[in-house]
Amino acid sequence: DSAALWEQFSIKLEGVYDTQTAHLLLLKRQSQAQYHISLDDICVKIFGVRLGTIKGEESAEGVVAKMAQDPNVWFYRPLQPDMVSYAARDVMCLPLLKELMSRPGLFPSTSPSIGVALLGESEVMARSEEHVAYCHLNEHIRRPRELEKRGRRLDALLTAVNSSGMYFKLNCGRQGVVCRPESMAKMHDLQVGDVVQCYVSGWNPSGSVIFLERYERGTREAAMIDTVHDIRHPDMTSPEGMYGRSTTALLQKLDDKRPLTRGF
């Protein structure tokens, strides 16, 4: 959502309490496997009911049917009352979620000797700020097809890990995947929610899945990539700013742009 608001309206979110981020922090405190939970699943976990039930199954099914019939249904104006209600009910539960997720003992620990402390609002909001910055991830890539180039560097946000692979968001309309055991071993230090520099090693026939390898500065592979490709990649660690010296004029303009900011 933060990416869509920035891309379409130049709105940058501030003061965000992300319930998904709060859930990650709770899992971390309990030493449980971390993953990005969906809004529907977190409603089940906390309220004991699915979001569809909160929305009203009949109303929700009607809107879902409209979306299946016409993918552009949300672009038409004015929005129909049932669609406005459907969208509003996606967020109406968030204030209560925030309150309940701050209570101790909400998720019983797997070990009786481990207590789950209250999540401080400032702690969650600080971590949420990192996730809000997702809207700036890979701004140098303007079209998904640009990913279909071996050796292209990009940043990847880790969202899930299992025995089969590691899964990343790229903010480019494509799914990033690392599945080779030796490649996964190079990312053993990452946690869900971390952003890591990678490069493209391949893609599936439809281009919907991009296979990644970790970019490690100073290695032979990195030297070859930087030699072969004209790198125009944001340098998040550069003391000169978000994009460093290798930035293009377009990226400099994006960085200098003063967005409309709103607090929530």
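Heads up: these notes are all about the structure in this document. (Residues numbered from 1 in each chain as written. Predicted model: local features only at pLDDT ≥ 70, side-chain atom pairs only at ≥ 80, totals over all residues. Heavy atoms only, no water.)

1. Concerning the packing of helix 2 (residues 19-29) against helix 8 (residues 121-132)
Interhelical geometry of helix 2 versus helix 8 gives an angle of 120° and a closest axis separation of 9 Å. The crossing of helix 2 and helix 8 is right-handed. Contact residues: helix 2 offers T21, A22, L24, L25 and R29, while helix 8 offers E123, V124, R127, S128 and H131. Taken together, the residues that form the contact of helix 2 with helix 8 break down as 4 nonpolar, 3 polar and 3 charged. (Axes fitted to C-alpha atoms, helices over the stretch in contact; angles between N-to-C directions. Helix = DSSP H or I, 4+ residues; strand = E, 2+ residues; numbered from the N terminus. Left-handed = near helix turned anticlockwise from the far one by under 90°. Contact = heavy atoms within 4.5 Å. Nonpolar A, V, L, I, M, F, W, Y, C, P; charged D, E, K, R; others polar.)

2. Looking at the sheet that holds strand 3 (residues 165-169)
In spatial order, the strands read 2-3-4-6-5; together these 5 strands close into a barrel with mixed pairing. On average, each strand axis in the sheet is tilted by 55° relative to the strand beside it, whichever way the strands run. Judged from the 5 bridges that link them, strand 5 (residues 195-203) and strand 6 (residues 209-214) form a sheet pairing that is antiparallel. From the neighbouring strand, V200 faces strand 6, where its bridge partner is L212. (Pairing = 2+ DSSP bridges.)

3. Looking at the nonpolar core
Taken as a class, soluble globular proteins show a tendency for nonpolar side chains to be buried jointly. Grouped together as the largest cluster of nonpolar side chains are 18 residues, with contacts concentrated most on L154, F168, L170 and L212. Breaking this core down by element, the ones donating at least two residues are strand 2 (153-162), strand 3, strand 5 and strand 6. Ignoring anything within four residues of it in the chain, the contact list for L170 reads Y134, L137, N138, L147, L154, D155, A156, Q175, G176, I210 and L212. Residues L26, I46, M101 and L119 belong to the second largest nonpolar core, which totals 15 residues. (Core = buried A, V, L, I, M, F, W, Y, C linked by side-chain atoms within 4.5 Å. Buried < 20%, exposed > 50% of the residue type's maximum accessible area, 1.4 Å probe, protein only.)

4. Considering the pattern of salt bridges
One pass over the full model with this rule turns up 9 salt bridges. Between E121 and K98 there is a salt bridge, with the nearest N and O atoms lying 3.0 Å from each other. Remark: K98 occurs in helix 7 (residues 94-101) and E121 occurs in helix 8; sequence separation between them is 23 residues. Under the relative-accessibility criterion, E121 is labelled partly exposed at 43%. Through salt bridges with shared partners, a single ionic network connects R180, E182 and E213. (Salt bridge = Lys/Arg side-chain N within 4 Å of Asp/Glu carboxyl O.)

5. Remarks on the packing of helix 3 (residues 39-47) against helix 7
Running from N to C, helix 3 and helix 7 point in directions that differ by 55°, and their axes come no closer than 11 Å. Between helix 3 and helix 7, the crossing angle belongs to the class labelled oblique. You can see that helix 3 and helix 7 cross each other, and the crossing is left-handed. Seen from helix 3, the contacting residues are L39, I42, I46 and F47; seen from helix 7, they are L94, L96, L97, L100 and M101. Considering only residue class, the contact of helix 3 with helix 7 consists of 9 nonpolar, no polar and no charged. (Parallel < 35°, antiparallel > 145°, perpendicular 65-115°, else oblique.)

6. Considering helix 1 (residues 2-9)
Taken together, the buried positions of helix 1 are S2, A3 and W6. End-on view of helix 1: buried residues confined to an arc of 100°, all on one side of the axis. Seen from the open side of helix 1, the exposed residues pointing more than 90 degrees away from its buried face are Q8 and F9. Positive phi shows up at S10, right after helix 1, with a value of about 55°. (Arc of directions from axis to C-beta.)

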